[in-house]
Amino acid sequence: MATPDTPAPVHYRYRFGSAEFDEARFELRVGGLLVDVQQKPLQLLALLIRLPGETIDRDTILDSLWGRFATGDAILANAASKLRTALGEQNQEFIVTVPRRGYRFEGTLERIAVGRRQDSRLELKAGEPALDRNEYVLETLLHSNEHNETWRVLQPRTGDRRVMKFAANGEQLANLKREVTIFRILRESTTGRGYVRILDWNFEHAPYWIESIDCGPNLTDWAEFNLPEGARLAQIPREQRIELLLAIVDATAAAHEAGVLHKDIKPTNILMDGDASGGWQPRLADFGSGRILDVERIEALGITKLGLTVASDVLSDSGTPFYLAPELLSGQAPGVRSDLYALGVLAFQLLAGNLRRPMVPGWERDIDDPLLCADLARATDVDPAMRFGSVSEFGNRLRSLTERRAQIDAANAAAAHSAQVQKRLALAQARRPWIVASVAALCSGLVLAMVLYVRAENARDLLNTEYQSSAALNTLLREDIIGAANPSVSGQGGVTVADALARAAEQVDRRFAGTSAVTRARLHSSMQ
């Protein structure tokens, strides 16, 4: 904390139009209502309002608000636009843009001293009593920057551990209030298993704080220091890493259904509750930069009665750049698909087995599953319209990996069978001309054989007929004509050849009845 001999600077409450800015609490109210606006626009207002009527050049503003992280005039114009949106139409005229120079506050301004503000550095030390929780001592510093400190605190008597997040001044008070507001929404709308449970808070005096249960190390520390000895994230079976990822996806999807965006999903904002024997339960933490999509839902739950912040910001400059969706860098409003983009990057790191590996061109070589590559590519598409419609859809795709692989295997098997059938058909079609030619040749040969056979049969019949005719004629000449005319053979005398011939002609049909008609006709013809 600030040392006693170093007085903290005096801060003021400024009033202009219907707006009021409390420099000590770093709060903006319009029309008496507390407005939730990001830090950079409020810091711009604080810078301009301290020097009313004076133009502050762009370089001075960029250096004061962003320092070495300033990337150009566009981020300054974006912050000024958000500031005007927060002030409302009736107060926008107080913020004047001076072309090619910078900005200034112009108009009637009332200033009221509100006291001295605590130094932004808390300078807490391990072993000291926790602020407002004297039964607990500060054990381990988990996170620290110029705005706040997060400590794990210990109750020495019982061994109970909790986590306390401290803010030294009002600059981070809005974030603490937003985190409590969102926790109350999630507690009323979900099972609460996927989030860090907040136990108590102090928004009345500095240093402000919220107290939550101790949910263990963040995902990065868990992967590097809390796994079993010798184990590495990449050595955990992929199915288990997917189950871990699905728990984070489900928690984010439930938050979206409750009307809450996280806006800063990254490994250090995921706490690993449990142990190696009982199983690990990832929990989303740090909703301090989150966004409430449905303000009416807060009122329906009665949360506004506690005086907590009501979100009215349209745009956002919060989030870790590596996990920030491209459309947010160009000033578009955050949505469920910007959270989906961050989950896609985180999913790549989990599946690649390295939470520090950037998702840069060529990342596909680290994922050997085509289905997972396709899912990650869609979740992190540069065009939000090309991403999954919701985080739940992304989760459903991951859950159906086994079924989708089986469908692809079946489709590949069917395609292979179809290709084999097509190949056989192509071979058959290629052989068809040869088969036709062979059948034609066979038919031609058969016809020729039949013709030759018929001719042979005819020749045989003709030869047989000729043979029968010759044999019958020889028999006729020898026995019936010559034998009948020879008295020594026939035993008759006085028979002439002519008589023998005539007698033989009369007996041809009877004597040669067993021969063919052709043979008998030839015999008759021979004897005429």
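**Digging into the overall build of the chain**
- The helix and strand inventory of the chain stands at 16 helices and 19 strands.
- Among the 528 residues that make up the chain, the fraction classed as buried is 42%.
- Within the chain, contacts between residues separated by at least 24 positions form 61% of all contacts whose residues are at least 6 apart in sequence.
- Working note: accessible area of the chain is about 27900 Å², and carbon and sulfur atoms make up 53% of it.

**Remarks on the sheet that holds strand S10 (residues 133-144)**
- Spatially, S9-S10-S11-S12-S14-S13 is the arrangement adopted by the six strands of the open sheet, whose pairing is antiparallel. Each edge of the open sheet carries a strand with a single partner, namely strand S9 (129-130) and strand S13 (198-202).
- Relative to S10, S9 runs antiparallel, the two sharing two bridges. Note on S10: the bridge partner recorded for Pro129 is Val137.
- Lying over the sheet, helix H4 (residues 173-189) contacts strand S12 (161-167), S13 and strand S14 (208-213), oriented at roughly 35 degrees with respect to S14.

**Examining the packing of aromatic side chains**
- Scanning the model with the defined rule gives ten aromatic pairs in all.
- With centroids separated by 5.1 Å and ring planes inclined at 65 degrees, the aromatic side chains of Phe16 and Phe94 adopt a geometry described as edge-to-face. With Phe16 in strand S1 (residues 10-16) and Phe94 in the loop between helix H3 (73-87) and strand S6 (95-98), the pair connects residues that are 78 residues apart, well separated along the chain.
- Among the aromatic residues, ring-to-ring pairing joins Phe16, Phe94 and Phe105 into one connected group.

**Some points on the side chain of His256**
- For His256, the location among the structural elements is in helix H6 (residues 238-257).
- You can call His256 buried: its relative accessible area is 13%.
- In contact with His256, not counting residues within four places along its chain, are Leu261, Val336, Asp339 and Val391.

Conventions and cut-offs
- Residues numbered from 1 in each chain as written.
- Predicted model: local features only at pLDDT ≥ 70, side-chain atom pairs only at ≥ 80, totals over all residues.
- Heavy atoms only, no water.
- Helix = DSSP H or I, 4+ residues; strand = E, 2+ residues; numbered from the N terminus.
- Buried < 20%, exposed > 50% of the residue type's maximum accessible area, 1.4 Å probe, protein only.
- Contact = heavy atoms within 4.5 Å.
- Areas by Shrake-Rupley, 256 points an atom, 1.4 Å probe, with all protein chains shown as cover.
- Pairing = 2+ DSSP bridges.
- Axes fitted to C-alpha atoms, helices over the stretch in contact; angles between N-to-C directions.
- Phe/Tyr/Trp six-rings, centres within 6.5 Å; stacked < 30°, edge-to-face > 60°.

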